[in-house]
Amino acid sequence: MPFLKELALTPGAALSISVMNSEDGAESTLLDVDEPGQRLLLDCPPGWLGVTRRHSGGDTLMLTSVLGDTKIQFQSAMGEIIAVDDARVLCLPMPDFLWRFQRRRDVRCAAAGLKISLNLGFGCADAQVCDLGMGGIGVFHCDSALHLHPGELLQGCAIALPGVGQVAVDLTVRHVTPERLANGHYVTRVGCEFSQLDSHTQQLLAHCLETLAEDIQ
């Protein structure tokens, strides 16, 4: 598949696999790209046989790989588990297209501990900030029952910046994807772009990012 070659998604690449609309997911490695057979061969994660049995009704997988400053995501059918040289291999049909291909236009800093209040129009909901940059913010959705969609505008949200307090921002939702935490649990990550930040807010964000960068060092 052309995009797999162009983006250097080759055997040995680490992949995160998650079942859409589910908490089931695992980490894997791309073993081979079978172009004649139009399939991807992945190292079968422990316990994945049980996952395939639970989702035998045609559920969809989301696969994610991070290569340098680029995040690649694409969807696939559940596939099947086959035996290759006495090892279990997860065999997935070759994806038809990239679901998302993102290169960062601004540096993002991890922002554990920061909170944001999302204005949903009919009310507000608190969420945890996972990363922050001058161009946007990533948050862990507070409530999986609330459905946000790419392109949705959230006006009058408020980020609690340390030493500053509440800072009002307007956000445009760019993507909503499942993400695996260090404890193995899956949450919904919402990636948002800032809309028309004024100069004062930009200065406050820049100062906060400098502080976060210093804390990391």
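Enquirer: Which residues make up the nonpolar core, and what values do they have?
Expert: With 30 residues, the main nonpolar core has Ile116, Leu132, Ile137, Leu171 and Phe194 as its most contacted residues. Elements with a minimum of two residues in this core: strand 10 (115–119), strand 11 (124–132), strand 12 (136–140), strand 13 (153–161), strand 14 (165–180), strand 15 (186–194) and helix 3 (199–216). By residue number, the principal contributor to this core is helix 3, which donates five residues. When near neighbours in sequence (up to four residues on either side) are disregarded, Ile116 contacts Ala125, Asp126, Ala127, Val129, Ile137, Val139, Cys157, Ala158, Ile159 and Leu171. The next biggest cluster of nonpolar side chains, apart from the first, holds 20 residues, and it includes Ala13, Leu15, Ala26 and Leu30.

Enquirer: Report on the pairing of strand 14, specifying residues and quantitative values.
Expert: The pairing of strand 13 with strand 14 spans seven bridges and is antiparallel. Its bridge partner lying in strand 14, Ala160 is registered against Gln166. Hairpin connection between strand 13 and strand 14: a loop of three residues separates the two successive antiparallel strands, and Gly163 in this loop has a positive phi of roughly 80°. The sheet contact formed by strand 14 and strand 15 spans nine bridges and is antiparallel. Within strand 15, the residue paired with Pro178 across the bridge is Thr188. The hairpin formed by strand 14 and strand 15 contains five residues between the paired strands, and Gly184 there has a positive phi angle of roughly 95°.

Enquirer: With reference to specific residues and values, describe the side chain of Asp24.
Expert: Here Asp24 is to be found in the loop between strand 1 (14–19) and strand 2 (25–34). You can call Asp24 buried: its relative accessible area is 17%. A distance of 2.7 Å separates polar atoms of two side chains, one belonging to Asp24 and the other to His55. When neighbours within four sequence positions are excluded, Asp24 is seen to be in contact with Ile17, Ser18, Val19, Val51, Arg54, His55 and Tyr186.

So, how was this worked out
- Residues numbered from 1 in each chain as written.
- Predicted model: local features only at pLDDT ≥ 70, side-chain atom pairs only at ≥ 80, totals over all residues.
- Heavy atoms only, no water.
- Core = buried A, V, L, I, M, F, W, Y, C linked by side-chain atoms within 4.5 Å.
- Buried < 20%, exposed > 50% of the residue type's maximum accessible area, 1.4 Å probe, protein only.
- Helix = DSSP H or I, 4+ residues; strand = E, 2+ residues; numbered from the N terminus.
- Contact = heavy atoms within 4.5 Å.
- Pairing = 2+ DSSP bridges.
- Polar contact = N/O pair within 3.5 Å; in protein donor to acceptor, adjacent residues only side chain to side chain.

Any functional reading would require information beyond the geometric quantities listed.
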